[in-house]
Amino acid sequence: IADPLAHRTERHKSRLISFFSNLDYRFEHTRFRAPPIDEIVIYETHLPALSRHASAKVDAEAHRGTYAGARSQAVLGHLQRLKVAVEFLPLHAHSRTLGQDWGYYSTSFSAMRQDYALEPAEVNREVMALVDAMHGRGIPVLLDVVFNHGGELWVKAWGEDVVYRRFADGAFCQGSGCGATIQTEHPLIRETILETLEHLVHKYRFDGFRFDLGALHDRKTMLEIDRRLPKRIYLIAEPWALGGMQWGKAEMSSDFANTRWAIWNDDFREPGRIFINGNGDQHNRDRLMRAIVGSHIRDGGWAIRPQQSINYLSCHDGKTLADLVDGNKQRAFLGLFLVLTSQGIPMIGEGSEMLYSKQGHHNSYDRPDLNQLDWNNALKHKDLLKAVARLIRLHKQLTHFRHTGHLKANDNKSNKWDIDWIYPTGYPHHDNVNAIGFILRPPNWDSIWHRRKDPLAILLNGSHTAADFHLPKGEWKVLVDGLQLRVNAFGLDVAPVSKSYHLQPGTCAMLAPA
């Protein structure tokens, strides 16, 4: 029987067999509540990568690359130290032929991936145990869902004409590049997607979802997802596809303006990658400056609030952060610093904090040998790991990076401004367009009782030459030194600086009034 809502499936030759599963699980950490999205830092990871490598500390060899391995004390401790929210690549049952290692070809959306389970018949409860364990460490858990293609079990139950989208000429839409596109606008498909998501929230207690190629979902379904799911659930989507898009970034200021939807921001990713390698021109600098303040529509972007933007430089697609900067530790930290000091929701790729490399590979969907974290690097690069953990903590402590609307730039006509851009000495008659600095004030909603009220100086130098930045009057203490990889919320044990700050190439700094 092809049960499209089966909780467990097994493949026998060309057939998918549906099974009932025991979904009874007693959660221990029922009081856990995920924080608002503007208070999280997302850590995207491929579940088996956390414990697959021989260096991973697991309770038993059989746990490597499994749900149990991902909830080992060592893995949980590392993630807890970083204070991140974990976003897993797809965990649904998938076609191993088409989905390979990453699993981006779901055959069913209620059944979970069994090859990560110690006991296949217990796969559902093993997933629940993983979420429960992470909640016990204060870690929110998001799941990458692939409702845009695949759905083999749905097709067997309802047929291609119900499941897949066709163009007016009768041809199937191929917007994902992975076969026919699922027609989310069909009432049966839409309702099944909604009920599946509700099931994942109520039974598994996932805290949010990232929708692969979300632009292939029709607008009504996107709006219904926002309406139906509990308001505490994070909703994130990719705003692009290879074709057949139903919406795009422009809808973030129109149809989706009053929803909680956030999208992956390639307008941040692309100029950011160029900048941290020192390869940009003035146009790239201006693009990045717009992204730093949240890609707001009033600045030529598309957002109406920074919380609509997921800022990142690396993810499962493309090169790792370490590979993007050819293993340069300071430039890797510069990239993370850029992500964590911009307006929006930060996301870092797995292992960025320990220079995880895939040897330059940019599409490792079929490479389990590359999709694994070598935990020896956590010790080898402990200075970077420590600095990143402290930087994330500092990011969360300060409200400066949680503005909720358009940031007003200083026009020297009024003292009512949020950000004041500062440039290397000699600007605009200066060829260093890969160095950016700004003075950032906390948002207006930040009361006098709420943490730090002083402005911050954020300095970034992606260029290959040193840069000198003029500072506002007074003395400034250094909170972050990207050359030495040192972070201290109360100020480093160095003398305060005044007038200007000399920033070495490929480094960054954060300062506050002394």
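Everything quoted here is computed from the prediction, not taken from an experiment.

1. Brief notes about the overall build of the protein
And then number 1: Within the protein, the secondary structure is distributed over 14 helices and 17 strands.
And then number 2: Burial statistics for the protein: of 514 residues in total, 60% are counted as buried.
And then number 3: Here the analysis covers contacts within the protein between residues at least 6 apart in sequence; of these, 72% occur between residues at least 24 apart.
And then number 4: Carbon and sulfur atoms provide 49% of the accessible area of the protein, an area that totals close to 20,500 Å².

2. Looking at the packing of helix 7 (residues 187–202) against helix 8 (residues 219–228)
And then number 1: Viewed as axis vectors pointing N to C, helix 7 and helix 8 meet at an angle of 30°, and their least axial separation amounts to 10 Å. If you check the angle between helix 7 and helix 8, you find them roughly parallel. Classified by chirality, the crossing of helix 8 by helix 7 is right-handed. Seen from helix 7, the contacting residues are Arg-190, Glu-191, Leu-194, Glu-195, Leu-197 and Glu-198; seen from helix 8, they are Lys-220, Thr-221, Glu-224, Ile-225 and Arg-228.

3. A closer look at the packing of helix 12 (residues 329–340) against helix 14 (residues 382–397)
And then number 1: Where helix 12 contacts helix 14, the axes come no closer than 11 Å and their chain directions differ by 10°. Regarding the angle of helix 12 to helix 14, the classification is roughly parallel. Between helix 12 and helix 14, the contacting residues are Lys-329, Phe-333, Leu-336, Phe-337 and Leu-340 on the first element and Asp-383, Leu-384, Ala-387, Val-388, Leu-391, Ile-392 and His-395 on the second.
And then number 2: Considering only residue class, the contact of helix 12 with helix 14 consists of nine nonpolar, one polar and two charged.

4. As for the packing of aromatic side chains
And then number 1: By the definition in use, this model includes 16 aromatic pairs.
And then number 2: A ring pair is formed by Phe-147 and Phe-211, whose centres lie 6.3 Å apart and whose planes are at 35°; its orientation type is tilted. Of this pair, Phe-147 sits in the loop between strand 5 (141–145) and helix 5 (152–158) while Phe-211 is found in strand 6 (residues 208–211), placing the two residues 64 residues apart along the sequence. Across the pair, exposure class does not vary: Phe-147 and Phe-211 are buried alike.
And then number 3: Each ring, one from Phe-211 and one from Trp-261, has its centre 5.2 Å from the other, and the planes form 70°; the classification is edge-to-face. With Phe-211 in strand 6 and Trp-261 in the loop between strand 7 (234–237) and strand 8 (262–264), this residue pair connects regions lying 50 residues apart in the sequence.
And then number 4: Aromatic rings pair up to connect Phe-109, Phe-147, Trp-154, Trp-158, Tyr-204, Phe-206, Phe-209, Phe-211 and Trp-261 into one cluster.

Conventions used here
- Residues numbered from 1 in each chain as written.
- Predicted model: local features only at pLDDT ≥ 70, side-chain atom pairs only at ≥ 80, totals over all residues.
- Heavy atoms only, no water.
- Helix = DSSP H or I, 4+ residues; strand = E, 2+ residues; numbered from the N terminus.
- Buried < 20%, exposed > 50% of the residue type's maximum accessible area, 1.4 Å probe, protein only.
- Contact = heavy atoms within 4.5 Å.
- Areas by Shrake-Rupley, 256 points an atom, 1.4 Å probe, with all protein chains shown as cover.
- Axes fitted to C-alpha atoms, helices over the stretch in contact; angles between N-to-C directions.
- Parallel < 35°, antiparallel > 145°, perpendicular 65-115°, else oblique.
- Left-handed = near helix turned anticlockwise from the far one by under 90°.
- Nonpolar A, V, L, I, M, F, W, Y, C, P; charged D, E, K, R; others polar.
- Phe/Tyr/Trp six-rings, centres within 6.5 Å; stacked < 30°, edge-to-face > 60°.

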